[in-house]
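# Overview (structure and organization)
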There are 2 protein chains.
Amino acid sequence: MTRTDHAPEAAPAALPTPELWPLLSSERGPDLTIFRARYDMLTNPRTGEELRRTVLETPDWCNVVAFTPERRLVIVRQFRFGPACITTEIPGGVIDAGEASEDAARRELLEETGYTAPRWRSLGCVEPNSAFHDNLCFHWLAEDAEPTGDTCQDPGEDIAIATLDADEVRAEVASGRMRHSLVISALCRVMDLWE
Amino acid sequence: MTRTDHAPEAAPAALPTPELWPLLSSERGPDLTIFRARYDMLTNPRTGEELRRTVLETPDWCNVVAFTPERRLVIVRQFRFGPACITTEIPGGVIDAGEASEDAARRELLEETGYTAPRWRSLGCVEPNSAFHDNLCFHWLAEDAEPTGDTCQDPGEDIAIATLDADEVRAEVASGRMRHSLVISALCRVMDLWE
């Protein structure tokens, strides 16, 4: 479990800010392999009522917008266990304990696609879902990526690789084959996805 | 649990497509209040190996990009249980069983903010996380929204409301206070968030 310190900036005084919720107690929930459930007892400052809320303790994630020298996007196609269908996404995965997000991004790009890249730039990060995840997903841009290495797929992966030009990326988005929120969040920083 | 039929379009022949994973069995996991865990036993077609994967059965969600007649964005500020801090987001929530996503969007906007709007348009949908969620999040645009109704907050909510102009929205994103992936996914369809 690796999570960097990632408190957002304090809000300016002009912005209405509700109270923080006092934490009364915290209880272990089931281990779900990719995250661990925790139950927090909190007080709602608006009502004074005590509430039990589920938090999924989740390591940070990363994903990579990788362009070839011809400005084609490196994509992965794989069976996804949530919708039980094949999706089109960009490479990404879990940041290991103690690993920097850029190192994880380089590793995931290589392991999933065999591509490496000389130029890397941070595209920022998002909360995958602040309602119950406590992690961040870091977006990285890799430029001039080329297939120089060997893929190394996890036992839980069966990945097909392709590169797409901008119109083909937009076709994947329009078709519903590429609509993972974290993929959209990364890509929309560098491409117009709905031209 | 409401999930609409939402199969993406079949891929064109030119796109490399791995095999679907045969489902061997499926087993109930713990009820986590906001979703229900399920364990699927699947065969990885690449290796022939059997694997157990966690799926969180989750109802569909919606969120709303609501603009006032002055083109100010209606935002909600609330304590979020994942990062345990106050975030800036757009209104949204769970689509009830049998409820259309537009009706849910209208209801969530009213309940969380007291705003109603005469003009509504779909902004598409995303998979919140295809790795383990089986649901979609539907994005809606509401225009000429005005504070005409009464808010009706859930026991689990303590929401402060504000409206922001485009520069103020970008400041919220840049500060890290507004970085929920589903909020970014909705907003980037109608605004330049990183000008």
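Our structure is the block above this text.
Before going into details, it helps to say that this report is about the structure given with it. The structure presented is a predicted model; accordingly, all values stated were derived computationally and were not measured. (Residues numbered from 1 in each chain as written. Chains lettered and ligands numbered in written order. Predicted model: local features only at pLDDT ≥ 70, side-chain atom pairs only at ≥ 80, totals over all residues. Heavy atoms only, no water.)

Before going further, it helps to examine the environment of B:Ile86. Relative to the helices and strands, B:Ile86 is located in strand 6 (residues 85-89). Overall, B:Ile86 belongs to the buried group, its relative accessible area being 11%. The spacing of B:Ile86 and B:Val74 is twelve residues in sequence and 16 Å in space, taken between C-alpha atoms. Contacts of B:Ile86, omitting those with residues within four sequence positions, involve A:Thr17, A:Pro18, A:Glu19, A:Leu20, B:Arg77, B:Gln78 and B:Phe79. (Helix = DSSP H or I, 4+ residues; strand = E, 2+ residues; numbered from the N terminus. Buried < 20%, exposed > 50% of the residue type's maximum accessible area, 1.4 Å probe, protein only. Contact = heavy atoms within 4.5 Å.)

Another aspect to go through is the pairing of strand 6 of chain B. Residues and elements named next belong to chain B. Taking burial as the measure, the five residues of strand 6 include five buried ones, the bulk of the element. The pairing of strand 5 (residues 73-80) with strand 6 spans five bridges and is classified as antiparallel. Across the sheet, Arg80 pairs through a bridge with Cys85, a residue of strand 6. Joining the antiparallel neighbours strand 5 and strand 6 is a turn of four residues, in which Ala84 adopts a positive phi near 55°. (Pairing = 2+ DSSP bridges.)

Residues and elements named next belong to chain B. Counting through the fold element by element, Arg179 comes out in the loop between helix 2 (166-175) and helix 3 (181-187). Look at Arg179 and you get buried, because its relative accessible area is 8%. Within the local environment of Arg179, its side chain forms a polar contact with the backbone oxygen of Gly176, the two atoms lying 3.1 Å apart. (Polar contact = N/O pair within 3.5 Å; in protein donor to acceptor, adjacent residues only side chain to side chain.)

Listed per partner, the contact involves 80 residues of chain A and 80 residues of chain B. For the pair chain A and chain B, the summed buried surface comes to about 6,800 Å²; carbon and sulfur atoms form 62% of the total. At the junction of chain A with chain B, the criterion picks out two salt bridges. Among the salt bridges present, the one from A:Arg179 reaches B:Glu127, with a minimum N-O distance of 3.6 Å. Linking chain A with chain B are 35 residue pairs in polar contact (both at pLDDT 80 or more). Residues of the side of chain A that touches chain B, tallied by class, amount to 43 nonpolar, 19 polar and 18 charged. (Buried area = accessible area lost by both parts, 1.4 Å probe. Salt bridge = Lys/Arg side-chain N within 4 Å of Asp/Glu carboxyl O. Nonpolar A, V, L, I, M, F, W, Y, C, P; charged D, E, K, R; others polar.)

This paragraph deals with the relation of the copies chain A and chain B. The transform that puts chain A on chain B rotates by 180° and translates by 0.0 Å along the axis, for an RMSD of 0.0 Å. The transformation just described matches what one would write down for a two-fold rotation axis. By C-alpha distance to the rotation axis, the residue of chain A lying nearest is A:Ser185, at 2.8 Å. Most of the interface of chain A is mirrored in chain B: 100% of its interface residues are interface residues there too. (Least-squares fit on C-alpha atoms with pLDDT ≥ 70 in both.)

Attention now goes to empty space enclosed by the protein. One pass over the full model with this rule turns up two cavities of 30 Å³ or more. Size it by volume and the largest cavity reaches roughly 50 Å³. What lines the largest cavity is A:Trp61, A:Pro128, A:Asn129, A:Phe132, A:His133, B:Trp61, B:Pro128, B:Asn129, B:Phe132, B:His133 and B:Leu182. Along the lines of polarity and charge, the residues of the lining of the largest cavity split into seven nonpolar, four polar and no charged. For the second largest cavity, the calculated volume is near 40 Å³. Forming the boundary of the second largest cavity are A:Ser25, A:Ser26, A:Glu27, A:Tyr39, A:Asp40, A:Met41 and A:Arg52. For the lining of the second largest cavity, the secondary-structure elements that each account for two or more residues are strand 1 (23-31) and strand 2 (36-43) of chain A. A breakdown of the residues in the lining of the second largest cavity according to their chemical character gives two nonpolar, two polar and three charged. (1 Å grid on protein atoms, 1.4 Å probe; cavity = no way out; pocket = protein on both sides within 12 Å on 5 of 7 lines; lining within 4 Å. Points joined across faces, edges and corners; volume = space filled by probe spheres on them.)

What follows deals with helix 1 (residues 101-113) of chain A. All names here are of chain A. Between the first and last C-alpha of helix 1 there are 18 Å, a value that for 13 residues agrees with the 18 Å anticipated at 1.5 Å per step. Of the residues making up helix 1, those classed as buried are Ser101, Ala104, Ala105, Arg107, Glu108, Leu109, Glu112 and Thr113. Structurally, helix 1 contributes buried residues whose contacts are with strand 4 (61-66), strand 5 (73-80), strand 7 (92-94), strand 8 (119-126), strand 9 (137-143) and strand 10 (160-164). Directly beyond the C-terminal end of helix 1, a positive phi value near 80° is found at Gly114. (Expected span 1.5 Å × (residues − 1).)

Another aspect to go through is unusual backbone geometry. All names here are of chain A. Here the phi dihedral of Thr33 falls at roughly 75°; this positive angle occurs in a residue that is not glycine. Its place among the elements puts Thr33 in the loop between strand 1 and strand 2. For Arg71, which is not glycine, the phi torsion reads 65° and is therefore positive. Tracing the chain through its elements places Arg71 in the loop between strand 4 and strand 5.

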